[in-house]
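Reading the structure
Take a look at the letters that make up each chain.
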Amino acid sequence: MSLDISFESEGMTMKGYLFTWEWYRKLKYIFIAGFAGTVIMTVSVTCAYAAELNTTNNSVKVGGDIALVGAWASSSSNASGSTYGLYDNYSLLGISGVYKASKGVRFIYNYTARIGSLNKIDYVRSAGNRTFLGYVGIGSDDFGQITIGRQEDLYFSMVDGDIYQSNWFFIPGTSPWHVDTAITYLSPMMQGTQIGAQAFNISKSGGGHSTTNYSIAIKHNFSNFMLSTGYMNFSQHGDGTTSNSPSTSIDNFGNPVNTFGGEILRGIYGINGAMHLGSFGLYAAVDVRKPESSTIQNTNNIYSYMATLTYQLNPLIEGLIGVSQIEQSTQGGQENLRGLVPTLGLYYTPKDNLFFSIEYQYYNKSANASCFDGVWCGTQANGQIALGATYSFSTGI
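A few points on the structure.

1. Considering the environment of Gly208
- Along the chain, Gly208 turns up in the loop between strand 8 (193–200) and strand 9 (213–221).
- A relative accessible area of 39% means that Gly208 is categorised as partly exposed.
- Here the alpha-carbon distance between Gly208 and His237, two residues 29 residues apart in the chain, equals 9.6 Å.

Following this line, the structure appears as structure tokens:
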């Protein structure tokens, strides 16, 4: 028995649709049926076991952090000068808890609010979005866990989020960080393998079309290595009314979750690997974004190649080197997204709850012109320096 693999112009095309956009797209229908059945089964079984709360083994925690950053950025265009300021960097306050019932069943909740009010730099860190996380859930060691509410994007948490090891600067190319009105299922760990499924922005607008998006991911943990892959499918009617429209759900920069660099997307799929060897940590991911078919945008795939290398110099100091390369082929007269963004960081942790950072990030001319996140944009290359400090606190009740 042999596996016949051939690469074509799309870059990841294999016979039998293996690891192609069409292969991942077909998972949508399997996902919808399997996700609904898993949710019903897990809730039914865990509720049946949860006849009695074990009040002697519950935990409630109140905590958060105060996080500030002073940042300076050189000019990104001839028409503007350098910028600087003191910013809030996800200062948070929240309460979370776990109530344990019989036979390993647990009920969980988490509400965390953003409490900082300094200059905004993106949507989550601005005064426009006070709820950082807000969800409730039920689970067990045997059947997995289901959570409902505003929570971390499944694709980010299982596929490409490991790339984000920095403090202030994001690595361009990663998926949205948080999603609203979501239902998430995580399987129990099965010999090192875990499967996750998520539906988010669940609603149906007055326009008569669903705005619900879907994600599915799987990861496997080896002794010192982790490998994962996933797929995210966006509703064709992002606003619930118009075909190929921006989603009503937005990412941390205030952009619709189904857009990247201004282009409307059908979905994302990719693969991620993480390895720890002694003092070194290596994280690498490849994301492929499929734009919607349209005459007004470049419909070629957008490839994000991302890698982060960390090194623990001593128990208190860690260094970081990160790089993100975005590529899209040209198409007629349509603009193509592209750019290189390297990141450097040095981090000092004198105490478990105290953290300092110094970071530098560089956008080349193409990256600024592509305006990946809608925040860092311009007509020429520029660099940015950030000094950060974070104090964390928590207490049990």
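Read on for the rest.
2. Here's the deal with the nonpolar core
- Core analysis: the largest hydrophobic core is formed by 22 residues, its most contacted members being Phe200, Met232, Phe234, Phe260, Ile302 and Phe372.
- Counting residues per element, this core draws most heavily on helix 2 (residues 154–160), at 4 residues.
- Contact partners of Met232, with chain neighbours within four places excluded, come to Asp153, Tyr155, Ser175, Phe200, Tyr214, Ser215, Arg266, Gly267 and Ile268.
- Grouped together as the second largest cluster of nonpolar side chains are 9 residues, Leu92, Phe156, Tyr164 and Trp177 included.

3. A look at the pairing of strand 8
- Most of strand 8 sits out of view: 7 of its 8 residues are buried.
- As judged from the 4 bridges shared by strand 7 (residues 178–186) and strand 8, these two strands associate in the antiparallel manner. The residue bridging Thr184 from the neighbouring strand is Gln198, located in strand 8.
- Hairpin connection from strand 7 to strand 8: 6 residues lie between these consecutive antiparallel strands, with Gln191 at a positive phi of about 55°.
- As paired elements, strand 8 and strand 9 share 8 bridges and run antiparallel to each other. Its bridge partner lying in strand 9, Gly196 is registered against Ala217.

4. Side note on the pattern of salt bridges
- What the rule picks out here adds up to 3 salt bridges.
- Asp88 is the salt-bridge partner of Arg114, the closest N and O atoms lying 3.0 Å from each other. Placement of the pair is Arg114 in strand 4 (residues 106–114) and Asp88 in strand 2 (residues 83–88), with a sequence separation of 26 residues. Of the two residues, Arg114 and Asp88, neither departs from the other in class, the shared state being buried.
- Linking Arg150 and Asp180 is a salt bridge whose minimum nitrogen-to-oxygen distance equals 2.9 Å. On the criterion of sequence distance, the pair formed by Arg150 in strand 6 (residues 144–152) and Asp180 in strand 7 is long-range, its members being 30 residues apart.
- A relative accessible area of 28% means that Asp180 is categorised as partly exposed.

5. A word on the packing of aromatic side chains
- One pass over the structure, following the stated rule, counts 16 aromatic pairs.
- Grouped by ring-pair contacts, the aromatic residues Tyr90, Phe132, Phe156, Tyr164, Phe170 and Trp177 constitute a single cluster.
- For the cation-ring pair, Arg289 lies above Phe260, with the distance from its terminal atom to the ring centre recorded as 4.2 Å.

Basis of the calculations
Residues numbered from 1 in each chain as written. Predicted model: local features only at pLDDT ≥ 70, side-chain atom pairs only at ≥ 80, totals over all residues. Heavy atoms only, no water. Helix = DSSP H or I, 4+ residues; strand = E, 2+ residues; numbered from the N terminus. Buried < 20%, exposed > 50% of the residue type's maximum accessible area, 1.4 Å probe, protein only. Core = buried A, V, L, I, M, F, W, Y, C linked by side-chain atoms within 4.5 Å. Contact = heavy atoms within 4.5 Å. Pairing = 2+ DSSP bridges. Salt bridge = Lys/Arg side-chain N within 4 Å of Asp/Glu carboxyl O. Phe/Tyr/Trp six-rings, centres within 6.5 Å; stacked < 30°, edge-to-face > 60°. Lys NZ or Arg CZ within 6 Å of the ring centre and 35° of its normal.

In short, the description is geometric, and any link to function would need to be established separately.
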